[in-house]
Amino acid sequence: MLQRKVDYRSGSDNVSKNNLEIPPDLTAPANTGVYTMPSRSTGNEAPVPVSKTASTTAEEPAATPAQVNAKARLVQAGGQRWLVVQGEPAKIWPEIREFWLDNGFLLSVDNPSIGVMETDWLENRANLPQDWVTKLLRKVADQFISTGELDKFRTRIEPGTTPGTTEIYVSHRGMTEVFADGSSEAKVGTPTGEAKTVWTPRPSDPELEAEMLSLMLQRLGMTEQQAQAVVNPTKQVKARATLVDNNTALNIDDAFDRAWRRVGLALDRVGYVVYDRDRSKGVYFVRRAEADIGEEKKTSFWSSFGFGDKDKPQQAKVMPEYEIHVAQQVSGSRLTVTGKDGVAADPEGQAKLLSALQGQLR
């Protein structure tokens, strides 16, 4: 079983606001809708019934997976992410309120008129070590174990740009506990109990924001796997080197200085000998390395047995030589391959060399 990234419930004093958990051998009673329980109120608005799940209601049958997934979706623009949910803000508000209460938080701000919810400060117990000693201590003295970090979340709920939708934005703030002198450890010789600590702000954590958006999507009907796939999609690594001009050149996503060094390393790795270079012109002069070694091994092997025509002069195999040209472009660098003295390279050798270099540079 995978360790959860967030666990605010086990360290929360908000026990009375959390839903009762049903033991594994019992089943939850059916919700007939005859009785409703008022939600936590600020005193300025009428009590709101406990919200129903995203997937089913008392009046409607269970939604299909496609309908469930259509209720909420993630939108991303640059480094910002938010949810777009089907329904008006007044309808979504109590459901998001219950989401935070169920996760162990109390709400320090709960104001539908301005569309802002803000939780209290709470410790993420998922950050505690998972060794058996810590687990044992938590059973007997959980309140004395601390991560030294606190989190709070602000939720903005606004009408969506599309009529009938709501947009949900979640932002994180963090605090960390440090000693009063700014150090992370007490000074040697300080008596126990006299080391004063203070809480200082720490940078917001986009990963925690993403985890909360994932949990919200699950609350709104997605499975855990679906929500994680939406919030944390497989990252597509941008290619640092791509073939262009009918596979006769490479565009490298680096300025000349860095590209020059990377190309030199790549040539070493793909089995070419750099026998000369001219950095001012951006040229490496290369030839295959392993062919010379192979020819040398072949001669010494047969000669050791006394075979071969000793009277026949050995023809040294001439290996093709290439020039690797690296030039600065407006964006990145460009690599081309020519034969010796700048003549056109043989297409087969050029293609193999470019392909090998691309494999190392991308």
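Attention here is on the structure that accompanies the text. What you see is a predicted model; the values in this text were computed from it and never measured. Residue numbers run consecutively from 1 along every chain, following the written order of its sequence. Confidence filtering applies because this is a predicted model: local features only for residues at pLDDT of at least 70, side-chain atom pairs given and counted only at 80 or more, and all residues used for totals across whole chains, interfaces and linings. Each side-chain value is derived from all of the structure's non-hydrogen atoms; neither hydrogens nor water enter the calculation.

## Here's the deal with the overall build of the chain
Part 1 of the reasoning: What the chain contains, in helices and strands, is eight helices and 13 strands.
Part 2 of the reasoning: Categorising residues by exposure relies on relative accessible area from a 1.4 Å probe, with only protein chains included: less than 20% of the type maximum marks a residue as buried, more than 50% marks it as exposed, and the intermediate range marks it as partly exposed. Each of the 362 residues in the chain was classed as buried or not, and the buried ones make up 34%.
Part 3 of the reasoning: The Shrake-Rupley method, run with a 1.4 Å probe, gives the accessible areas here. Residue values count only the displayed protein chains as cover. Of the roughly 23300 Å² of accessible surface on the chain, a fraction of 54% belongs to carbon and sulfur atoms. For helices the rule is a DSSP run of H or I covering at least 4 residues; for strands it is a run of E covering at least 2, with both sets numbered from the N terminus onward.

## Considering the pattern of salt bridges
Part 1 of the reasoning: Salt bridges are identified by distance alone: a Lys or Arg side-chain nitrogen within 4 Å of an Asp or Glu carboxyl oxygen. For the structure shown, the criterion picks out 15 salt bridges.
Part 2 of the reasoning: Measuring nitrogen to oxygen at the nearest pair gives 2.5 Å for the salt bridge that ties aspartate 151 to arginine 202. Residue aspartate 151 is located in strand E5 (residues 149–159), and its partner arginine 202 is located in strand E7 (residues 197–202); the two are separated by 51 residues in the primary sequence.
Part 3 of the reasoning: A residue is classified by how much of its surface remains accessible, and aspartate 151, at 2% relative accessible area, is buried.
Part 4 of the reasoning: Judged by its relative accessible area of 17%, arginine 202 is buried.
Part 5 of the reasoning: The partner of arginine 287 in a salt bridge is glutamate 321, and the shortest N-O contact between them spans 3.9 Å. Of this pair, arginine 287 sits in strand E11 (residues 283–288) while glutamate 321 sits in strand E12 (residues 321–328); the two residues are 34 residues apart in sequence, bridging distant segments of the chain.
Part 6 of the reasoning: Here the salt bridges share partners, and the residues they tie into one network are Arg240, Asp254, Arg258 and Arg262.

## Quick notes on the pairing of E12
Part 1 of the reasoning: Being paired, for any two strands, means DSSP has found at least two bridges between them. Here E11 runs beside E12; their pairing, made up of five bridges, is antiparallel. If you follow valine 283 over to E12, its bridge partner there is histidine 325.
Part 2 of the reasoning: The sheet contact formed by E12 and strand E13 (residues 333–339) spans seven bridges and is antiparallel. Along E13, the bridge assignment pairs alanine 327 with arginine 334.

## Section: the nonpolar core
Part 1 of the reasoning: Formed by 30 residues in total, the largest nonpolar core has its most connected members in Leu83, Trp100, Ile168 and Met212.
Part 2 of the reasoning: When residues of this core are traced back to their parent elements, those giving at least two are strand E1 (72–77), strand E2 (80–86), helix H2 (89–102), E5, strand E6 (165–179), helix H4 (206–219) and helix H5 (224–231).
Part 3 of the reasoning: Tallying contributions element by element places H4 first for this core, with seven residues.
Part 4 of the reasoning: Only heavy atoms matter for contacts: two residues are in contact if any of them lie within 4.5 Å across the pair. Leaving out residues up to four positions away in the same chain, tryptophan 100 has contacts with Phe105, Leu107, Met117, Thr119, Phe153, Thr155, Val170, Met212 and Met216.
Part 5 of the reasoning: Of all hydrophobic cores here, the second largest spans 23 residues; its members include Ile252, Leu267, Val270 and Val337. We define the nonpolar core as a collection of buried residues of types Ala, Val, Leu, Ile, Met, Phe, Trp, Tyr and Cys that are connected through side-chain atoms lying within 4.5 Å of one another.

## What to know about the side chain of histidine 172
Part 1 of the reasoning: Note that histidine 172 resides in strand E6.
Part 2 of the reasoning: Within polar-contact distance, the side chain of histidine 172 engages the side chain of aspartate 151 at 2.8 Å.
Part 3 of the reasoning: Apart from the residues within four sequence positions on either side, histidine 172 is in contact with Asp151, Lys152, Phe153, Arg202, Pro203, Ser204, Asp205, Leu208 and Glu209. Any pair of N or O atoms that falls within 3.5 Å is considered a polar contact. Within protein, one atom must be able to donate a hydrogen and the other to accept it, and sequence-neighbouring residues count only if both atoms are side-chain atoms.

## Digging into the sheet that holds strand E10 (residues 272–278)
Part 1 of the reasoning: Taking strand neighbours across the sheet as the criterion, the six strands line up as E8-E9-E13-E12-E11-E10 in an open arrangement whose pairing is antiparallel. Two strands bound the open sheet, and with one partner strand each, they are strand E8 (241–244) and E10. Going from strand to strand, the sheet's axes swing by 25 degrees on average, the running direction of each strand aside.
Part 2 of the reasoning: Between N-to-C directions, angles span 0 to 180 degrees; the directions come from axes that are lines fitted to C-alpha atoms, helices contributing only their stretch in contact. Of the strands in this sheet, strand E9 (249–252), E10, E11, E12 and E13 are in contact with helix H6 (residues 256–269), which crosses E12 at around 155 degrees.
Part 3 of the reasoning: Packing of helix H8 (residues 347–361) onto the sheet brings it into contact with E8, E9, E10, E12 and E13, and relative to E9 it is tilted by some 15 degrees.

## Points about the packing of aromatic side chains
Part 1 of the reasoning: Each Phe, Tyr or Trp ring, with Trp reduced to its six-membered ring, pairs with another whose centre is within 6.5 Å; inter-plane angles below 30 degrees give stacked pairs, above 60 give edge-to-face pairs, and intermediate values give tilted ones. Counted under the stated rule, the structure contains eight aromatic pairs.
Part 2 of the reasoning: Feature note: the residues Phe99, Trp100, Phe105 and Phe153 constitute an aromatic cluster, connected by ring pairs.
Part 3 of the reasoning: Geometry around tyrosine 169 places arginine 156 over its ring, the cationic atom sitting 4.5 Å from the centre. Charge-over-ring placement is defined geometrically: NZ (Lys) or CZ (Arg) within 6 Å of the ring centre, and within 35 degrees of the ring normal.

## So, the packing of H2 against H4
Packed helices, taken two at a time, are described by their axes: the angle between them and the distance between them.
Part 1 of the reasoning: Relative orientation of the contacting elements H2 and H4 amounts to 120 degrees, with a least axis distance of 11 Å. On the basis of their axis angle, the class for H2 and H4 is oblique. Of the two elements, H2 crosses H4, and the hand of that crossing is right-handed. Mapping the contact onto sequence places Glu95, Ile96, Glu98, Phe99, Trp100 and Asp102 in H2 and Met212, Leu215, Met216 and Arg219 in H4.
Part 2 of the reasoning: When the residues that make up the contact of H2 with H4 are grouped by side-chain class, the tally is six nonpolar, no polar and four charged. Angular relationships are summarised with four words: roughly parallel below 35 degrees, roughly antiparallel beyond 145, roughly perpendicular across 65 to 115, and oblique for the angles in between. When the near helix sits turned anticlockwise from the far one by under a right angle, the crossing is termed left-handed; a clockwise turn instead gives a right-handed crossing. Residue polarity is assigned by list, with Asp, Glu, Lys and Arg as charged and Ala, Val, Leu, Ile, Met, Phe, Trp, Tyr, Cys and Pro as nonpolar; anything else, Gly included, falls into the polar class.

## Here's the deal with the environment of alanine 345
Part 1 of the reasoning: Within the fold, alanine 345 resides in the loop between E13 and H8.
Part 2 of the reasoning: On the basis of relative accessible area, alanine 345 is assigned to the buried category, the value being 15%.
Part 3 of the reasoning: For the pair alanine 345 and glutamate 321, spaced 24 residues apart in sequence, the C-alpha to C-alpha distance is 8.9 Å.
Part 4 of the reasoning: Setting aside anything within four residues of it in sequence, one finds alanine 345 in contact with Tyr322, Val337, Thr338, Gly339 and Gln350.

Note that every value here comes from positions in space, so none of it alone points to a role or purpose.
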